[in-house]
Each structure stands twice: as C-alpha cells, then as structure tokens.
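# Results of the structural survey
Given next are the chains, with one letter for each unit.
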Amino acid sequence: MHEAPSQRHAPHDDPNEAGPSRRSVLWTAGAAGAGLGLGGLSSTPAAAAAPAAEGTAAAPAAAGRTMIGVPFERRGTVRVGIIGLGNRGGSMIDLFLAMPGVRVVALCDPVKEKTAKAAAKVTAAGRPAPAVYTHGEHDYENLCARGDLDFVYAATPWDRHFEMAKAALLHGKHVGVECPLALRLDQLWELVDLSERTRRHCMQLENCCYGRNEMRVLRMAHAGLFGELLHGAGAYVHDLRGLMFDPKYYEGPWRRLWHTRLRGDLYPNHGFGPVAGYMGLNRGDRAVRISSMGTPALGLAAYRSDHMPAGDASWKESYIGSDRTISLVQTTKGRVIRLEHDVSTPHPYSRINSLGGTKGLFEDYPERIYLEPDHSNDEWGDFGAYAQWDHWLWKEHANPPGGHGGMDYLLVFRLMQCMRLGLVPDFDVYDAATWTAPVPLSDLSIKANGAPQEIPDFTRGLWKKARPGMDSPKPEE
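These lines cover the structure that appears in this document, whether it is placed above or below. For every chain, the first residue of the written sequence is number 1, and numbering continues from 1 onward in sequence order. Reporting in this predicted model follows two pLDDT cut-offs: at least 70 for local features of residues, and 80 or more for side-chain atom pairs to be given and counted; totals over whole chains, interfaces and linings ignore these cut-offs and use all residues. Hydrogens and waters are ignored; side-chain quantities use all the structure's heavy atoms.

This part covers the side chain of Arg75. Only runs of H or I of at least four residues qualify as helices and only runs of E of at least two qualify as strands under DSSP, and these elements are numbered from the N terminus. With respect to the helices, strands and loops of the structure, Arg75 is situated in the loop between α2 (45-49) and β1 (78-83). We define a polar contact as two N or O atoms separated by no more than 3.5 Å, with the added condition that, inside protein, one atom must be a possible hydrogen donor and the other a possible acceptor, whereas residues neighbouring each other in sequence contribute only through side-chain atom pairs. Among the polar contacts made by the side chain of Arg75, one reaches the side chain of Asp150 at a distance of 2.8 Å. By definition, residues are in contact when any of their heavy atoms lie within 4.5 Å. When near neighbours in sequence (up to four residues on either side) are disregarded, Arg75 contacts Asp150, His174, Met419 and Arg420.

Taken in spatial order, the six strands make up an open sheet running β3-β2-β1-β4-β5-β6, and their pairing is parallel. Since the sheet does not close on itself, it has two edges, and those belong to β3 (131-133) and β6 (202-204), each with one partner. Here the average twist between neighbouring strands, direction ignored, is 25°. When strand β5 (residues 174-177) meets β6, the two strands line up parallel, connected through three bridges. Among the inter-strand pairings, Val177 is bridged to a residue of β6, identified as Gln204. Comment: axis = line fitted to C-alpha atoms, over the contacting stretch for helices; angle = value between 0 and 180 degrees taken between N-to-C directions. On the sheet, helix α14 (residues 407-421) packs against β1, β2 (102-108), β4 (151-154), β5 and β6 and is oriented at approximately 140° with respect to β1. A pair of strands counts as paired when DSSP detects no fewer than two bridges linking them.

Attention now moves to helix α15 (residues 429-436). To sort residues, take the accessible area from a 1.4 Å probe on protein chains only and compare it with the maximum for the residue type: under 20% means buried, over 50% means exposed, and anything in between is partly exposed. Among the eight residues of α15, eight are classified as buried, and the element is accordingly described as predominantly covered. Turning to α15, its buried residues are Val429, Tyr430, Asp431, Ala432, Ala433, Thr434, Trp435 and Thr436. Among the structural elements, α7 (185-198), β6, α11 (269-279), β8 (287-294) and α16 (438-447) are those in contact with the buried residues of α15. At the N-terminal boundary of α15, the capping side chain belongs to Asp428, with an oxygen 3.1 Å from the backbone nitrogen of Tyr430.

A separate point is unusual backbone geometry. The linkage connecting Tyr365 with the following residue, Pro366, adopts the cis geometry, with an omega of 0°. In this structure, Pro366 sits in the loop between β12 (360-363) and β13 (368-371). Residue Pro373 follows Glu372 across a cis peptide bond; omega there is 5°. With respect to the secondary-structure elements, Pro373 resides in the loop between β13 and α13 (392-396). Phi at Asp378 is positive, roughly 55°, even though this residue is not glycine. Looking at where Asp378 falls in the secondary structure, it is placed in the loop between β13 and α13. Within the chain, Arg460 stands out as a residue other than glycine whose phi angle is a positive 55°. You can see Arg460 is positioned in the segment after β14 (453-454).

The next subject is the environment of Ala221. Residue placement: Ala221 occurs in helix α8 (residues 212-222). The class of Ala221 is buried, set by a relative accessible area of 8%. Along the chain, Ala221 and Gly357 lie 136 residues apart, while their C-alpha atoms are 8.9 Å from each other. Excluding its chain neighbours within four sequence positions, the residues that come into contact with Ala221 are Phe226, Leu229, Tyr278 and Leu355.

So, about the nonpolar core. Think of a nonpolar core as a cluster: buried Ala, Val, Leu, Ile, Met, Phe, Trp, Tyr and Cys residues, connected wherever their side-chain atoms sit within 4.5 Å. The biggest cluster of nonpolar side chains holds 105 residues, and the ones touching the most others in it are Phe96, Phe151, Tyr210, Phe226 and Met416. With 10 residues, the top contributor of residues to this core is α14. One finds Trp158, Cys179, Met244 and Tyr250 within the second-largest nonpolar core, a separate group that totals 24 residues.

Let us look at the environment of Leu328. For Leu328, the location among the structural elements is in strand β9 (residues 325-331). The exposure class assigned to Leu328 is partly exposed, which follows from its relative accessible area of 45%. Separated by 36 residues in sequence, Leu328 and Ser292 place their C-alpha atoms 6.4 Å apart. When residues no more than four places from it in sequence are discounted, the contact partners of Leu328 are Arg289, Ile290, Ser291, Val336, Ile337 and Arg338.

Stacked, edge-to-face and tilted are the three classes for Phe, Tyr and Trp ring pairs, Trp counted by its six-membered ring, which pair at centre distances within 6.5 Å; planes under 30 degrees apart are stacked, over 60 edge-to-face, the rest tilted. Following the criterion strictly, the structure yields 15 aromatic pairs and no others. Geometrically, the ring pair formed by Phe96 and Tyr153 is tilted, given 5.5 Å between the ring centres and 45° between the ring planes. Of the two residues, Phe96 sits in helix α3 (residues 87-98) while Tyr153 sits in strand β4, which places them 57 residues apart along the sequence. The class of Phe96 is buried, set by a relative accessible area of 1%. Owing to a relative accessible area of 0%, Tyr153 belongs among the buried residues under this scheme. Residues Trp158 and Trp254 carry aromatic rings whose centres are separated by 5.3 Å and whose planes lie at 80° to one another, so their mutual orientation is edge-to-face. Placement of Trp158 in the loop between β4 and α6 (161-170) and of Trp254 in helix α10 (residues 254-257) is noted, with a sequence separation of 96 residues between them. Here the two residues Trp158 and Trp254 agree in accessibility, since each one is buried. What links up through ring pairs into an aromatic cluster is the set Trp158, Tyr236, Tyr249, Tyr250, Trp254, Trp258, Tyr267, Tyr349 and Tyr365.

Here's what the structure looks like:
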C-alpha cells in the first residue's frame, strides 16, 4: 500500500488510499465518462440543487424506526464480505484476518488478479477459501445476496459507495463504506431510510476518529478540560498532485476528474468526524448550516504544465474544483467548525484537528495544548503530559499494527468487537450522513457566493438527547 508522508497523519485519502488500484477500469473509467451518475451535480447551480438542496429544510417522512442506540445482534463469528480489493481493500483485509472471531467469507473485484491475491491471503492465514465475485461491475450484488454474510465492507471509488451500501442493506447486511458515504443529499436520505427500514447499520468507516490524538482530545473534551466548547477545525490538506497524475494510481483517472465536476469540499469526513465527536453532534448538538468559499482552481493545471507531456489526455481537462475550500459549519449551540480541503497545491500534510473552549485549546500538526490553569504566559504546553487521558482502546493496544499509525486496526477491532458482543456501534448512519453532507452542500454554497446551506437533520429531532459515541466504555468480553 502506498503510504502518505506520515503514517499517523495520513489516513486513506480516498475510499482507500486505494484509489490507485481500487480502480478497476470497469468501476472508474466507465463511470467517469458517464458523468459519474451525478445528474449534472457540477454543471449549474440549478442542476446541482435538484433534488438535493430542496430537501434540506424539512426531513422526509420516516420509513422506519430510528437506528439510534440499536445494538448489533450478538454472534460468535462475524462473517465478512469485501467489495473492492485495491490498495485500501487489499490492505484492510489483513486487519480483518487478524481479528478474533472474524471470517472473510467472500471477495469481489472486477479485476481477477486482485481478487486472487486477496483470496490467497485468506488461505495463507489458515482460513477456508473465500467465494470470489469477478464477473463485471455488478457482481457485488451477488455477494450481497449471500445468506452467510453479516457485514459488507466497500472500498471502491466514491461514486459506487451509495449503490453498494444500498444493495447490502436491501439484502439484510450491515454495511460499512469508505468515505464519502454518498455524493447527493437524496442518496444520503435514502440510506438513512433504508437503514431504518431494514434494521441494519450503515456506517461511514471513519478511521481518523480512532487516531490516538483524536481519542485523547475526545476524552478530555467530554471530561470538561476545555470548558464549554466553542470552536473546532478539521481538514484534509494533502498534496496529491503527483498521485492524481500517476496513471498507475488513481486510474481512470477517477479522482482527478472530480476536480472537473465539483467546486466544493470533496473529502470532508476525516476532518469533520473527529470534531463532530468532540462536540457531540447528533448527541445533544447538531450541525445546522454550512457556508463555503473556494479559491481559483490553478494548482492542477500548473502541475500539468510542469510535468505532463503534450498530448497527454489530461490536457483536455478543465479544472473547476477550488484548490482550497474553506467552510464554516455552525451548530445549534452556536459553536463553529472550520473545514478545509486542499489536495492541489504544495504543502505539508495536515488535518488541522483543533478544539477550543472557555478553558483553552488543542491544536495538531504539530500537536500542542494550552489549558488553564495548567499553562500561562502565552506558552504552549506539552500534549504528551496528558497521556493519562488516552482512550481505553489505545491503552489496550499501545502499538497497533497496520497503516496510518494504527487507527485502521483500531477501527476494525472496535467494529468487529461491537458485532461479536452485540453492542451499539460507536457511530451510525446519521453520523455518516452528517459527515458527508458538506460534499454537495459546499458545492452549492460556493456556487451561491458563500450563501449558507441548511444541513439536514438526519436524526429527525432525536439529536437532542445525549448518548454515547466514540467514548463508550470498555466492554466485558
């Protein structure tokens, strides 16, 4: 798996830092040529708004009972099917195979070589050979229809997440996808409704919520060390220019083409998810509106001019996506969250990851803290001095294996633990929809010169009740 500059700082940069080989020409190039099935999302404000923006003010009628607080069914073995075996899916399978009480039952990818390589990992681990699905771009539907699966994991390009999550839910499977969950508000609502109707969880597998720093800040915030929370920030600032122009990485070239279609924040989840946890969004507070602005789109064209030969297919592309998108999200309690996205200009990696309140603040990249009464004289303090606030997952797994500094491992460990023990998951479909909503809404806001766009209440009013999330206590095995 290609690793970004820092294992701790760079989670999967697309559905799988895997954009590279999780490419299948069937699953990327074809969709790109067809406009990625967005119904003109990036063409004009009017086209972009239908039907998504019209649904922001009032929630549609519920199709079923809420999934808030609904536990998984307890089971001795969790049977997993994986869709997408590029860099992300092809590496995450190692973590599923390392988990107690987990069996990888089925694999799907149109590229037979990748499916064969992943299947070999399963048998090498001493497990029964998995069923494989390699017959075209819709064979994942047959995987989802199996009667011996409990959980479906999708690690494919962005535009396929919605349909794969939908198929899994309709076939009675719990499902987790890489970010973003979907690309339109109507799709987000449909997944919320399907989760409620089928009584199956649909989750955004946001690995950054399981980072050591993020989980420490979470516990400190919920213990009141920052006082009353006021503001936070999160981002995906990652120079991907070289990878986006690498024909062997984001094949299709599916990720680069998004910069010809959307002006907004294409990848908000890594920054939004952790801050949403700090502030208890959907658990006593709610994100209500977003206002976004974007810079001109110059970075990719400049990189192309310096590095790509004349006649390369990229010279036919016109980039409209903002090089730097900056959004402000406000909550019902008046708190403000700043989100940033930039993958097109030179800069060091950062997710910003900051939180401020009436008693001080934390800022990451580099990590530093200033809390009263511990610190004074305008001098930053040592965040390492607060290691006693580490989450129980990090105390139990001090040096977790896997990529991205161990957050991937802890994500899979905790999810599989919740499924085996019959626990409520740390986050749910309402969180997934909220964290993803900035994708279409930031695009609309930029086209409307920064005008605020209302963020739907995917919980239909149930956000008002405080409840556990990422800070759930350690369970008894």
